[in-house]
Amino acid sequence: GARPPLLFDVLRSAAAIGEESKLIVEIKAGNSDAVSALARMFVRHPQLMAHVAVVMSFDAFIMHNLRREMGAVFEQLYGVYNNVQHHQPSQQQQYLQQQQHHQQTSLTAANETAMASTTSTTATSITSAPIKIPTSKEERDNPINTD
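All figures in this text were calculated on a predicted structure; none of them were measured in a lab. (Residues numbered from 1 in each chain as written. Predicted model: local features only at pLDDT ≥ 70, side-chain atom pairs only at ≥ 80, totals over all residues. Heavy atoms only, no water.)

Novice: Is there a simple way to explain the environment of Gln100 in this structure?
Specialist: Examined against the element boundaries, Gln100 turns out to sit in helix α4 (residues 91–118). What makes Gln100 buried here is its relative accessible area of 18%. Spatially, the C-alpha atom of Gln100 lies 9.5 Å from that of Met70, the residues being 30 residues apart in sequence. In this view, Gln100 contacts Arg67 and Phe74; residues no more than four positions away in its chain are not counted. (Helix = DSSP H or I, 4+ residues; strand = E, 2+ residues; numbered from the N terminus. Buried < 20%, exposed > 50% of the residue type's maximum accessible area, 1.4 Å probe, protein only. Contact = heavy atoms within 4.5 Å.)

Novice: So what exactly am I meant to see when it comes to the packing of helix α1 (residues 7–17) against helix α2 (residues 33–44) here?
Specialist: At a minimum axis distance of 11 Å, the contact between α1 and α2 shows a crossing angle of 45°. One element, α1, and the other, α2, form an angle in the oblique class. Like other packed secondary-structure pairs, α1 and α2 cross with a definite hand, here right-handed. Here Leu7, Phe8 and Leu11 of α1 come into contact with α2, specifically with Leu38, Met41 and Phe42. Of the residues belonging to the contact of α1 with α2, the class tally is six nonpolar, no polar and no charged. (Axes fitted to C-alpha atoms, helices over the stretch in contact; angles between N-to-C directions. Parallel < 35°, antiparallel > 145°, perpendicular 65-115°, else oblique. Left-handed = near helix turned anticlockwise from the far one by under 90°. Nonpolar A, V, L, I, M, F, W, Y, C, P; charged D, E, K, R; others polar.)

Here it is in structure tokens:
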């Protein structure tokens, strides 16, 4: 039997298909090691980022870590972090910044859609309250706060 293809292999195939081919990458809940692996892959092969439309997860802890890790990737590769430019960006960097913004916008829309689909249909309004993102494995595994 052959091994299943790695994400690296699938993204290389997308690149071979054409510039417009893009994939949606989902990191399953609880698989926090995948975030670091994904970031390392993008540092080693930044050209593959152009073939990822969205990276998503239904695990808030993973998404928080992904934001941090991808910020470090962009800082390392392009000198850009948290929308602060440390030098004049090239056209490629501007394109990547636009892609990152598009991915964040798509992710926000996907999360809003997911939240809306889990909300009761009889609800007439939704109130906004601050959400504490779990920062440790203990907080993620024990989400009930007794404060």
